[in-house]
Amino acid sequence: MSAAAVEEPMEQSTLLEAAELISEQFPGYRVEIIGSQITATPPPNMQHSRSIKRFDRLFEAAGLDSGDSEVFQGIGIRLPNGPFDFAVPDLAVIDAESDDRVLEHGCYDPAIFRLVLEVTSSNHLTDLKIKPGLYADAGVPVYVIVDRTNQRVMVLTDPKDGEYRVHAIHHPGQSFTLPDSIGASVTLAVDDVLTAKE
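Residues numbered from 1 in each chain as written. Predicted model: local features only at pLDDT ≥ 70, side-chain atom pairs only at ≥ 80, totals over all residues. Heavy atoms only, no water.

Trainee: So what exactly am I meant to see when it comes to the overall build of the chain here?
Mentor: When helices and strands are counted, the chain shows four helices and 12 strands. Considering only C-alpha atoms, the chain reaches an extent of 80 × 40 × 30 Å along its principal axes. Classification of the 198 residues of the chain by burial places 43% in the buried group. For the chain, restricting intrachain contacts to residue pairs at least 6 apart in sequence, the fraction spanning at least 24 positions comes to 52%. Charge-centre separation for the chain: the mean point of 15 positive side chains lies 10 Å from the mean point of 31 negative side chains. (Helix = DSSP H or I, 4+ residues; strand = E, 2+ residues; numbered from the N terminus. Buried < 20%, exposed > 50% of the residue type's maximum accessible area, 1.4 Å probe, protein only. Contact = heavy atoms within 4.5 Å. Lys, Arg positive; Asp, Glu negative; His and termini not counted. Charge placed at Lys NZ, Arg CZ, Asp CG, Glu CD.)

Quick look at the structure:
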């Protein structure tokens, strides 16, 4: 009679390790842990990148990338909703000289974020339905959504108890001004930052 083979128990990888593995296997994808679930978004198309570029230029022209604030693309924000949760907004305005405010896993303290911006893509429901509550929980004062699917720009402000209490929706042909709390007065035309529907 032969003895049955004994299998060594497989070591369970953490959610963070799994996210890092996905990131390595799919270069260019934006990998996030949202609500303790891994999301992977394909590289942006030119329309998506064009919207971000326009905001970036407008923010720089307003002086938000000098002095007491900086503008970044693709910087991680630690989310308080799960042990490894983090998001990587398309664009962010943060307090200047916050290099030392990095928390675990290369993500930054949400307290340094003045504004986060997402341009919708294939995961538009995450940007529209899930991230507002997460960014509000994190205390981010301003969340801007360039909603290409519905051809509008949403500016969410006044976060409290996991939700933004003020929702301003702007449509093509309109202009709007972002809250001064971001560090400068920035007025934008929806048509300048909203690209053609996918």
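Trainee: Whenever I open this one, the pairing of strand 2 (residues 37-41) confuses me. Can you help?
Mentor: Both faces of the sheet carry side chains from a regular strand, because those side chains alternate between them. Judged from the five bridges that link them, strand 1 (residues 30-34) and strand 2 form a sheet pairing that is antiparallel. Counterpart to Val 31 in the pairing with strand 2 is Ala 40. With antiparallel pairing between neighbouring strands as the criterion, strand 1 and strand 2 make up a hairpin whose turn holds two residues, including Gly 35 at a positive phi of roughly 60°. (Pairing = 2+ DSSP bridges.)

Trainee: Looking at this model, I keep getting lost on the pattern of salt bridges. Mind explaining?
Mentor: A side chain with one charge can pair with a side chain of the opposite charge if their charged atoms come near. Evaluated as defined, the whole model comprises 10 salt bridges. Between Arg 30 and Glu 118 there is a salt bridge, with its nearest N and O atoms 3.1 Å apart. In this pair, Arg 30 is assigned in strand 1 and Glu 118 in strand 7 (residues 113-119), connecting sequence segments 88 residues apart. Taking the relative accessible area as the measure of exposure, Arg 30 reaches 14% and is therefore buried. Residue Glu 118 is classed as buried on the basis of its relative accessible area, which comes to 0%. Between Lys 131 and Asp 127 there is a salt bridge whose closest N-O contact spans 3.6 Å. In this pair, Lys 131 and Asp 127 are both assigned in helix 3 (residues 124-138), four residues apart and thus about one turn of the helix distant. The two residues Lys 131 and Asp 127 agree in class, both being buried. (Salt bridge = Lys/Arg side-chain N within 4 Å of Asp/Glu carboxyl O.)

Trainee: Would you mind showing me how to read the nonpolar core here?
Mentor: The nonpolar side chains of a soluble globular protein tend to be buried, and buried together. The biggest cluster of nonpolar side chains holds 24 residues, and the ones touching the most others in it are Phe 55, Phe 59, Leu 64, Leu 115, Val 144, Leu 178 and Val 186. Breaking this core down by element, the ones donating at least two residues are helix 2 (46-61), strand 6 (91-95), strand 7, strand 8 (142-147), strand 9 (152-160) and helix 4 (190-193). Each residue touching Val 186, except ones within four places of it in the same chain, is listed here: Phe 59, Ala 62, Leu 64, Phe 176, Thr 177 and Leu 178. Listed in part, the 22 residues of the second largest apolar core include Ile 75, Ile 94, Tyr 108 and Met 154. (Core = buried A, V, L, I, M, F, W, Y, C linked by side-chain atoms within 4.5 Å.)

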